[in-house]
Amino acid sequence: MDKEVRLLVVGSLVMDMTVNTKRFPGTGETVLGTDFHMAPGGKGANQALQAARLGAKVTMIGRVGGDIFGQELLKPLKQAGVAVEHITVDDSSYTAVGSIVLEETPDGKVHNRIIVAPGANMNVRPSDISFLEKEISVYDMVLLQLEIPLEVNEAVARIAKRAGVPVMLNPAPSAALSDSFISNLTFISPNEHEVADLTGIQIRRGEDGSVVLSDAKAAADALLARGVKNVIITLGGSGAVFASASEFIFEPAETSVELLDPTAAGDSFVGSFCTAYCRGMSVREAMVFGNCAAAITVSGKGAQPSLPHKQAVDLIIRDRMRRLSILKEISHA
C-alpha cells in the first residue's frame with residue numbers, strides 16, 4: 001500500500017441538508033423531525049475526498065455556483081489536498097443542493113430518501129474536460145458518476161480508454177446507459193436497485209435477509225455481456241459482489257459498527273476500493289478495504305464528515321482479522 005496513486009474524479013458537488021425523523025411523511029402530510037445537520041456532499045466530491053483521505057493524489061473536475069455553498073464545498077477538498085483548479089465557479093447557476101430525510105425505525109434501522117437539485121453540476125461541459133486529451137495518461141484511474149451530464153461522462157470514458165487508463169463508473173442516480181458507453185468502462189459499480197434498472201434482474205433476499213447470490217451473478221453477467229470488464233454490485237448492509245469473465249466473489253459487509261446514517265456509504269466504498277486496487281491490492285483485498293471504510297462512514301452523520309482516514313480503516317481491518325482469527329481457532333478447537 002506504499003505506491004503513490006493518482007486518481008481523477010469527474011463529478012458532482014452537492015451541499016447536503018439532512019433531517020432525521022421517526023417516519024417518512026405520507027403524501028400531503030407534515031411530520032416533525034428529530035434532528036438536522038448540513039454537510040458537504042455530492043457523489044463526485046465524496047469519492048474524491050475519500051480517496052484523498054486514504055492518501056491518493058486526487059484531481060477533481062466539476063462546477064459549483066457562485067454562492068456561499070459553492071465556497072463551502074471547496075474547503076474540505078482543499079484541506080484534504082484535492083487539486084481543485086478544474087472545479088469551475090459558475091455564476092450563472094446555483095450550487096447543487098441535496099435534501100436528505102433519514103427515517104429511524106423502531107427496530108433500530110435507518111433508511112434514507114434523497115432528492116438532489118443539480119444546479120451547476122448539470123452545466124459541466126465537454127470543453128471542461130478537453131485538457132484530458134493530453135493529460136489523462138498521468139492518472140491511474142478515472143472515477144465517474146451520473147450527477148453531471150451523460151455526454152461529459154461518455155467523452156471522458158472514450159478519452160481514457162484510448163489512453164489505456166481504467167475507468168470506474170458508479171451509475172447513480174440510475175439512468176439508461178448505451179452499450180458503447182458501458183464497453184468503455186473497466187469497472188461499473190451499481191447498487192442492487194441500479195443494477196435492476198440496468199438489467200431488469202431483481203436481486204432477491206432469503207427469509208433471513210441474505211442475498212440470493214445467483215441473482216447477483218445473473219445481474220453481473222448481464223452487464224459483462226454488454227462489454228464492461230468488471231462488475232461490482234454493492235448490497236448495503238450485506239456487502240458486495242464482484243464479477244468478471246473468470247471470477248465471482250462475495251465479500252460480506254463489516255458489521256462491527258452501529259448504523260447511524262447510510263449517506264455516502266457507497267461513495268466511501270468506491271473511493272476506497274479504487275485507491276486500494278490502484279495501490280496493488282487484489283480485488284478481494286480491495287473489497288474488504290472498501291467495506292471497512294463504508295462501515296466507518298455509516299457510523300457517523302453526514303456525507304463528508306463521516307468519511308474515514310486511512311488510519312481508521314487500517315484499525316478496523318486489524319480488528320476484523322483478529323476476530324476472524326479467534327473464530328477460526330474456536331472452529332478448530
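Residues numbered from 1 in each chain as written. Predicted model: local features only at pLDDT ≥ 70, side-chain atom pairs only at ≥ 80, totals over all residues. Heavy atoms only, no water.

A few words on the overall build of the protein chain. In terms of helices and strands, the protein chain carries 10 helices and 13 strands. The globule rule puts the C-alpha radius of gyration for 333 residues at 20 Å, and the 19 Å found for the protein chain is close to it. For the protein chain, the spread of C-alpha atoms along the three principal axes comes to 65 × 50 × 40 Å. The 333 residues of the protein chain split such that 53% are buried. Here the analysis covers contacts within the protein chain between residues at least 6 apart in sequence; of these, 69% occur between residues at least 24 apart. Accessible surface for the protein chain amounts to roughly 14,700 Å². Of this, 54% is attributable to carbon and sulfur atoms. (Helix = DSSP H or I, 4+ residues; strand = E, 2+ residues; numbered from the N terminus. Rg over C-alpha atoms; globule rule 2.2 N^0.38 Å. Buried < 20%, exposed > 50% of the residue type's maximum accessible area, 1.4 Å probe, protein only. Contact = heavy atoms within 4.5 Å. Areas by Shrake-Rupley, 256 points an atom, 1.4 Å probe, with all protein chains shown as cover.)

This part covers a nonpolar patch on the surface. Together, Val19, Phe36 and Met38 give the surface a local cluster of nonpolar side chains, amounting to about 270 Å² of exposed area. Note that Val19 resides in strand 2 (residues 14–21). (Patch = residues over 30% accessible without salt bridge, like charges linked within 9 Å, V, L, I, M, F, W, Y side chains within 5 Å. Salt bridge = Lys/Arg side-chain N within 4 Å of Asp/Glu carboxyl O.)

Our focus in this paragraph is the nonpolar core. With 52 residues, the main nonpolar core has Leu13, Met60, Leu77 and Phe273 as its most contacted residues. Apart from residues lying up to four places away in sequence, Phe273 is in contact with Met168, Phe187, Ile232, Val283, Ala286, Met287 and Gly290. (Core = buried A, V, L, I, M, F, W, Y, C linked by side-chain atoms within 4.5 Å.)

In the contact formed by helix 1 (residues 43–53) and helix 8 (residues 265–278), the axes pass within 8 Å of each other and the chain directions differ by 45°. Of the possible angle classes, the one that applies to helix 1 and helix 8 is oblique. Two packed elements cross with a definite hand, and for helix 1 against helix 8 that hand is right-handed. Each of Lys43, Asn46, Gln47, Gln50 and Ala51 in helix 1 lies in contact with helix 8, whose residues at this interface are Asp267, Ser268, Val270, Gly271, Ser272 and Thr275. Taken together, the residues of the contact of helix 1 with helix 8 sort by class into 2 nonpolar, 7 polar and 2 charged. (Axes fitted to C-alpha atoms, helices over the stretch in contact; angles between N-to-C directions. Parallel < 35°, antiparallel > 145°, perpendicular 65-115°, else oblique. Left-handed = near helix turned anticlockwise from the far one by under 90°. Nonpolar A, V, L, I, M, F, W, Y, C, P; charged D, E, K, R; others polar.)

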